[in-house]
Amino acid sequence: LYDYFQEWQVSIHGQEGVTCVDCHGGNPKAMDKGKAHSSALSQARAGAAVNSVNIPTTCGECHDELFESYQKSKHAKLIADKKQDKQGPNCVTCHGSLNATRLTVNTVQKVCEQCHNAKSGNHAEIPAEATHLLNEMRAIRSYRQFVERRADPAWAKEPVEKMQKGLSDLAITWHTFDLEPIKKQTEVLLLYSREQRHAVQGAHAPEAGSKAKPDVPK
């Protein structure tokens, strides 16, 4: 358990004060081992917060917008369908549990291929498509950082905020796992972000330190 504790301690959950009890249940004030652990010893039971079926609801207590989006997905329906021989993917499948991570262009394909591969015949094209879309999200983040660093702050404030909000909205849409609306939303935001970068590169936006009046593109 020492390694398990260390992993939690350095995680975003540990830093935000999310403790063992918040996910596993139990009574941290009890001195008796059985009472302290209580339901934590029965994670496999249907009602346990970290049972694979219940993990989305548990995570959704904090990540409510992402949970609402996930509930619309086919992944969520696979978990809810008791007739399925195998459970569908939940939050932990993509993000891990304690030291939660965000999927990147280097990791998303391997995760998606667990279910979507040529052998299963289950939409084997999805891992490559997901990788491509995440790569475009990475480009958007890069454009946002470029504008934020290179343009005058007064000019850059509005486009940077718009790009950041677009990325946050896109993250929510990603949790539907419906690639068509994700693609459309990504294309619009990518085009806008490129326009802002070109405005800075083409001297249509004042550089950082300039006293020129801001002229934010519409």
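Model, not experiment: these values are computed from the prediction.

### Here's the deal with the packing of helix H10 (residues 126–150) against helix H11 (residues 153–174)
Working note: a packed helix pair is described by the angle between its axes plus the distance between those axes.
Next up, step 1: Relative to each other, H10 and H11 sit at 160°, their axes nearing to 9 Å. One finds that H10 runs roughly antiparallel with respect to H11. In the crossing of H10 with H11, the sense of the turn from one axis to the other is left-handed. Facing H10, whose interface residues are Ala130, Leu133, Leu134, Met137, Ile140, Arg141, Tyr143, Arg144, Val147 and Glu148, H11 presents Trp155, Ala156, Val160, Met163, Gln164, Leu167, Leu170 and Trp174.
Next up, step 2: Taken together, the residues that form the contact of H10 with H11 break down as 14 nonpolar, 1 polar and 3 charged.

### Some words on the side chain of Ser11
Next up, step 1: Here Ser11 lies in the loop between helix H1 (2–9) and helix H2 (12–15).
Next up, step 2: Polar contacts involving the side chain of Ser11 include one to the main-chain amide nitrogen of Gly14, which spans 3.0 Å.
Next up, step 3: Leave out the neighbours within four places in its chain, and Ser11 touches Leu98 and Asn99.

### Here we look at the environment of Leu66
Next up, step 1: Its place among the elements puts Leu66 in helix H6 (residues 64–70).
Next up, step 2: Between the C-alpha atom of Leu66 and that of Trp174, which follows or precedes it by 108 residues, the distance is 8.7 Å.
Next up, step 3: With residues up to four places along the chain from it excluded, the contact list for Leu66 reads Ala171, Ile172 and His175.

### Description of the packing of aromatic side chains
Next up, step 1: Counted according to the given criterion, the structure contains 2 aromatic pairs.
Next up, step 2: An angle of 40° between the planes, with centres 5.6 Å apart, marks the rings of Phe5 and Trp8 as tilted. Taken together, the residues span about one helical turn, with Phe5 and Trp8 both in helix H1 at a distance of 3 residues.
Next up, step 3: Note on Phe5: relative accessible area 39%, which makes it partly exposed.
Next up, step 4: Ring geometry for Tyr70 against Phe177: centres 6.4 Å apart, planes inclined by 85°, an arrangement best described as edge-to-face. Pair noted here: Tyr70 is in helix H6 and Phe177 is in the loop between H11 and helix H12 (179–201), with a separation of 107 residues, a long-range link.
Next up, step 5: The exposure class of Tyr70 is buried, given its relative accessible area of 5%.

### Considerations on the pattern of salt bridges
Next up, step 1: In the structure shown here, the tally under the stated rule is 2 salt bridges.
Next up, step 2: Two residues, Glu161 and Lys157, come together in a salt bridge whose shortest N-O distance is 2.8 Å. Pair noted here: Glu161 and Lys157 are both in helix H11, with a separation of 4 residues, about one helical turn.
Next up, step 3: The residue Lys165 makes a salt bridge to Asp169 at a minimum N-O spacing of 2.8 Å. One end of the pair, Lys165, and the other, Asp169, are both in helix H11, 4 residues apart, so they sit about a helical turn from each other.
Next up, step 4: Lys165 sits in the exposed class, given a relative accessible area of 53%.
Next up, step 5: A relative accessible area of 29% means that Asp169 is categorised as partly exposed.

Quick notes on the rules
Residues numbered from 1 in each chain as written. Predicted model: local features only at pLDDT ≥ 70, side-chain atom pairs only at ≥ 80, totals over all residues. Heavy atoms only, no water. Axes fitted to C-alpha atoms, helices over the stretch in contact; angles between N-to-C directions. Helix = DSSP H or I, 4+ residues; strand = E, 2+ residues; numbered from the N terminus. Parallel < 35°, antiparallel > 145°, perpendicular 65-115°, else oblique. Left-handed = near helix turned anticlockwise from the far one by under 90°. Contact = heavy atoms within 4.5 Å. Nonpolar A, V, L, I, M, F, W, Y, C, P; charged D, E, K, R; others polar. Polar contact = N/O pair within 3.5 Å; in protein donor to acceptor, adjacent residues only side chain to side chain. Phe/Tyr/Trp six-rings, centres within 6.5 Å; stacked < 30°, edge-to-face > 60°. Buried < 20%, exposed > 50% of the residue type's maximum accessible area, 1.4 Å probe, protein only. Salt bridge = Lys/Arg side-chain N within 4 Å of Asp/Glu carboxyl O.

Honestly, it's all geometry; don't read function into it.
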